Every structure is written in C-alpha cells, then in structure tokens.
Amino acid sequence: MGIKIGMVSLGCAKNRVDAELMLGVLLSDGFELETDPAKADAIIVNTCGFIEAAKQESIDTILEMAEYKQDHLKALIVTGCLSKRYAKELPAEMPEVDADEGFHYLEDVHRVLTTPGYTAYVKIAEGCNNRCAFCAIPAIRGNYISRSMENIEREVKDLAAQGVKEI
C-alpha cells in the first residue's frame, strides 16, 4: 500500500492541466490517489493567485486542508500561482504548509484527467513576455514558452485515443 495523495486544484484550466500532470507523475511513481482528504497521507493544494478573490479562496482552502493534520494528514504541499507569486512570504505567513513546490510543464507525461471523459484541456503555451503594469502573469507564470506543434498534436491524438471528443 503506497502513500495516499489528495489534490485540490483551484483556478484556471492551465492549473487543471498542471494538476493532471502532477497526478500522472505521482501515480507513475507509485503513489495512490485519494479523493477523501480525511484519508490522505499528503494533500497538494494547487493554488491560484491572480485576483484577490482567487487568492482568498486559495488561502481558505490551504487552511481547510491543514485541519486534516489533526487526524491522518502528514504533509500539506502548496503549489501553483499563489505559491509562486508569494514564494518569500508564504512560509512565514502560513506555517501550516510543509512544502512549497514549483511545477514546470512536462511534455510526454501521462495525465490523470480530472474532467469528464469526453473533454480535456490542452495547454499550448505558458507565460507572457509583456510586462504590463496591471498584470501579474509574467511574475507568476514566467516568460512566454510555446510547446511544439508536434508535441501538441501527439497529445491531442493520445487524448482522442482515450475517448476524448472535446478538446
């Protein structure tokens, strides 16, 4: 019996894809997916930090998941936009968090789809090179990086082979 991992992913479809890739990596490494946070050994909260309401939802979710430490939970891991945007502040402000992880898009990793079986998101690019004064995306997601057309096409074909009809 392996370590049971729970995942809560907040925010946009890009975060959903990141969460699905993380789950794919974890399951291929022998971890088990646990959908009940009360039974998880570790929980990953994939956060959003783009607008104020999203930041608050992320903070509230982290604190809600931290309550499971009173029972069975051994580790609370935070990743995603909030943790990237506030990497220096988060450890001091949220001692409930055991680890603050960065995540970079991995091509050719089997994803664990969290959407209904007929639909899936495909991430084609990440980040932005513009440094608009009103936007935090470059600070959160980094510089613009595009996936190769061949890699995107391969992923779409793989998803279609799994029965996905809507991409």
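Each remark here, short or long, concerns the structure printed above.
A brief report on the enclosed structure follows. Bear in mind the structure is a predicted one, so any value in this text is a computation, not a measurement. Per chain, residue numbering runs from 1 following the sequence as it is written. Predicted model: local features are reported for residues with pLDDT of at least 70 only, side-chain atom pairs are reported and counted for 80 or more only, and whole-chain, interface and lining totals are derived from all residues. Each side-chain value is derived from all of the structure's non-hydrogen atoms; neither hydrogens nor water enter the calculation.

This part takes up the overall build of the chain. By the criteria applied, helices consist of DSSP H or I runs no shorter than four residues and strands consist of E runs no shorter than two, each listed in order from the N terminus. When helices and strands are tallied, the chain shows 6 helices and 7 strands. Taken from the N to the C terminus, the helices and strands of the chain come in the order β-α-β-β-α-β-α-α-β-β-α-β-α. Note on method: radius of gyration uses C-alpha positions; expected globular size equals 2.2 Å times residues raised to 0.38. Relative to a compact globule of 167 residues, whose C-alpha radius of gyration would be 15 Å, the chain shows 16 Å and is just as compact. Summarising its shape, the C-alpha atoms of the chain cover approximately 45 × 45 × 25 Å along the three principal directions. Remark: exposure states derive from per-residue accessible area (1.4 Å probe, protein chains only) relative to the maximum for the residue type, with buried under 20%, exposed over 50%, and partly exposed in between. A burial count over the chain gives 39% of its 167 residues as buried.

It is worth spelling out the nonpolar core at this point. Counting residues in each nonpolar core, the largest one holds 14 residues, and the members touching the most others are Ile43, Val45, Ile62 and Leu76. Mapped onto this core, the elements with two or more residues apiece are strand E3 (42-47), helix H2 (52-66) and strand E4 (75-80). Residue contacts follow a heavy-atom distance rule, with two residues in contact if any of their heavy atoms lie within 4.5 Å. Among all residues touching Ile62, those that are not within four sequence positions of it are Val45, Thr47, Leu76, Val78, Leu82, Met94 and Val97. Here, the term nonpolar core denotes a set of buried Ala, Val, Leu, Ile, Met, Phe, Trp, Tyr and Cys residues that are joined through side-chain atoms within 4.5 Å. With 10 residues, the next largest nonpolar core counts Ile5, Met7, Ala19 and Leu23 among its residues.

Take the sheet that holds strand E1 (residues 4-9) next. Neighbouring strands of a sheet are bound in pairs by backbone hydrogen bonds; such pairs are parallel or else antiparallel. Strand order in this open sheet of 5 strands is E2-E1-E3-E4-E5, and the pairing throughout is parallel. Here the strands that pair on one side only, and so sit at the sheet edges, are strand E2 (32-33) and strand E5 (99-100). When DSSP finds two or more bridges between two strands, those strands count as paired. For E1 and E2, the ladder comprises 2 bridges, and the chain directions are parallel. Within the sheet, the bridge partner assigned to Lys4 lies in E2 and is Glu32. Packed on one face of the sheet, H2 meets E1, E3 and E4 and runs near 175° to E3. Fitted lines through C-alpha atoms serve as axes, helices being fitted only where they are in contact, and the angles separating the N-to-C directions of these axes extend from 0 to 180 degrees.

For the rest of this paragraph, the subject is the environment of Ala19. With respect to the helices and strands, the residue Ala19 is situated in helix H1 (residues 13-28). Look at Ala19 and you get buried, because its relative accessible area is 3%. In contact with Ala19, other than residues within four places in its own chain, are Met7, Ser9 and Asn46.

With that settled, consider the layout of surface pockets. Reported here for the second largest pocket is a volume of approximately 270 Å³. Space inside and on the surface of the protein is sampled on a 1 Å grid over the protein atoms alone, with a cavity defined as a set of points where a 1.4 Å probe fits but cannot get out and a pocket as an open set with protein on both sides within 12 Å along at least 5 of 7 lines; lining residues have an atom within 4 Å of a point. What lines the second largest pocket is a set of 20 residues, and nearest its centre among them are Met7, Val8, Ser9, Ala19 and Thr114. When residues of the lining of the second largest pocket are traced back to their parent elements, those giving at least two are E1 and H1. Grid points are joined across faces, edges and corners, and a volume is the space filled by probe spheres set on the points.

Time to look at helix H6 (residues 149-161). Taking 1.5 Å of rise per residue, 13 residues should cover 18 Å, and H6 covers 18 Å from first to last C-alpha, within 8% of that figure. Looking at H6, one finds that the buried residues are Asn151, Ile152, Glu155 and Leu159. Projected down its long axis, H6 shows its buried positions confined to an angular sector of 100°, all on one face. Of the exposed residues in H6, the ones pointing more than 90 degrees away from its buried face are Met149, Glu150, Lys157 and Ala161. Positive phi shows up at Gly163, right after H6, with a value of about 105°. To estimate how far a helix should reach, multiply one less than its number of residues by 1.5 Å. When we speak of the arc, we mean the arc of directions from the helix axis to the C-beta atoms.

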